[in-house]
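Topology and contacts: notes
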Amino acid sequence: RPAAAPRPESKNRVDLPGVRHIVAVASGKGGVGKSTTAANLALALAGLGLRIGLLDADIYGPSVPKLFGLGGRRPELRDGRIIVPIEVFGIRVMSIGFLVDEEAPMIWRGPMVMSAVTQLLRDVDWGELDILVVDMPPGTGDAQLTLAQAVPLAGAVVVSTPQDLALIDARRGVAMFEKVDVPILGIVENMSYFVCPNCGSRHDIFAHGGARDEAARLGVPFLGEIPLTMAIREGSDGGRPIVIDAPDGPHAVVYREIATLV
Ligand code: ADP
């Protein structure tokens, strides 16, 4: 991979000397499956023998505690200040959800978002990592932009569902990263299609293929199609993402393929 683009000087700038590459998983809007994709991608990358960390920077709705069955867990502190990420399924994870009450509504203003996220980057002892996957807050506003400038991102994966409206947001996401010279590693189409468990027939609920077309239009790689399935949802809600829960199943294979493309 080419070296990350130089960043403008910023007071939020964070250096992570032990981390070789930082990859953002982003989406133009919430609910498209960004966190599910980030978690399974991180696990699939670890399956390739890489040392992986996952930072849940989605402070509006942190999902790592739930995705990994770590609700109520608190990370240990070293010297009263340095946060030790929690090891789970062979990766190191950290989430703002470990530090605040998950049920409490969080009202964040832009600058607070930034300081929370930079603190998560700065105060966590990630150790030596090949890749730190960052589950970004959804959207393409100031907070996302500042985060993209705070750390040297090796690239960004943009997750979208196939609907036109989601694709417009995905396009905004791509444009935002391009504006700050972060390479787009590709677009993933989540909830791409549905296969009926009873009759086996396939249904393109939100239409299908829109993200592939959009990627072609934007001249960025298309990374893969993830179907809408009960298994993925149940794995996520049950604290065992599908790459761990059914490692030889068809869905884990898709995430592993995406991992090799990233
Ligand atoms: P985001 O991070 O974009 O807000 P999440 O990853 O939290 O989205 O996903 C939103 C909801 O959709 C979760 O309940 C998750 O389990 C579910 N989900 C995500 N991707 C899929 C999929 N491919 N099939 C079924 N359910 C999914």
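Position numbers for residues start from 1 in each chain and track the written sequence from start to end. At least 70 in pLDDT is required for a residue's local features to be given in this predicted model, at least 80 for side-chain atom pairs to be given and counted, and no such filter applies to totals for whole chains, interfaces and linings, which use all residues.

- By the naming in an unreviewed UniProt entry, the protein is Iron-sulfur cluster carrier protein, taken from Siculibacillus lacustris.
- Recorded under Function (unreviewed entry), the UniProt text for the protein is reproduced unchanged: "Binds and transfers iron-sulfur (Fe-S) clusters to target apoproteins. Can hydrolyze ATP."
- UniProt positions are given in the numbering used here, feature names are shortened, and annotations may be inferred rather than shown by experiment. As its UniProt record puts it under Sequence similarities (unreviewed entry), the protein is described as follows: "Belongs to the Mrp/NBP35 ATP-binding proteins family."

**Quick notes on the site of the ligand**
- Using a C-beta atom placed from the backbone, a residue is scored as near a molecule or strand whenever that atom is within 6 Å of it. Neighbouring residues of the ligand: 19 residues in total, closest Gly-33, Lys-34, Ser-35, Thr-36 and Arg-233.
- Of all the secondary-structure elements, those providing two or more residues to the shell around the ligand are helix 1 (34-47), strand 9 (184-195), strand 11 (222-228) and helix 7 (230-237).
- The biggest single contributor to the shell around the ligand is helix 7, with four residues.
- Residues are grouped as follows: nonpolar covers Ala, Val, Leu, Ile, Met, Phe, Trp, Tyr, Cys and Pro; charged covers Asp, Glu, Lys and Arg; every other residue, Gly included, is treated as polar. By residue class, the composition of the shell around the ligand is six nonpolar, ten polar and three charged. Secondary structure is summarised from DSSP: a helix means a run of H or I of at least four residues, a strand means a run of E of at least two, and numbering begins at the N terminus for each.

**Considerations on helix 4 (residues 142-150)**
- Once C-beta atoms are placed from the backbone, each residue is buried if 20 or more other C-beta atoms lie within 10 Å of its own, exposed if 12 or fewer, and partly exposed for counts between those two. Regarding helix 4, the residues found buried are Ala-143, Gln-144, Leu-147, Ala-148 and Ala-150. The buried residues of helix 4 occupy an angular sector of 160 degrees when the element is viewed end-on, so they sit on one face. Arc, as used here, means the arc of the directions from the helix axis to the C-beta atoms.

**Focus on the packing of helix 5 (residues 164-179) against helix 6 (residues 210-218)**
- Note on definitions: angles span 0 to 180 degrees between N-to-C directions of axes, and those axes are lines fitted to C-alpha atoms, for helices only across the stretch in contact. Helix 6 packs onto helix 5 with a crossing angle of 35 degrees between their chain directions and a minimal axis gap of 10 Å. Crossing handedness for the pair helix 5 and helix 6: right-handed. Facing Asp-164, Leu-167, Ala-170, Arg-171 and Val-174 of helix 5, the residues of helix 6 in contact are Gly-210, Ala-211, Glu-214 and Leu-218.
- The class makeup of the residues in the contact of helix 5 with helix 6 is five nonpolar, one polar and three charged. In this scheme, a crossing is called left-handed if the near helix is turned counterclockwise away from the far one by less than a right angle; it is called right-handed if the turn is clockwise. Note that contacts rest on C-beta atoms placed from the backbone: two residues are in contact if these are within 7 Å.

**Thoughts on unusual backbone geometry**
- Positive phi is not limited to glycine here, since Phe-89 has a value of about 50 degrees.
- Counting through the fold element by element, Phe-89 comes out in the loop between strand 5 (86-88) and strand 6 (91-95).
- Even without glycine at this site, Ala-207 takes up a positive phi of about 65 degrees.
- Looking at the secondary structure, you find Ala-207 in the loop between strand 10 (202-203) and helix 6.
- Since 13 C-beta atoms lie within 10 Å of it, Ala-207 is described here as partly exposed.

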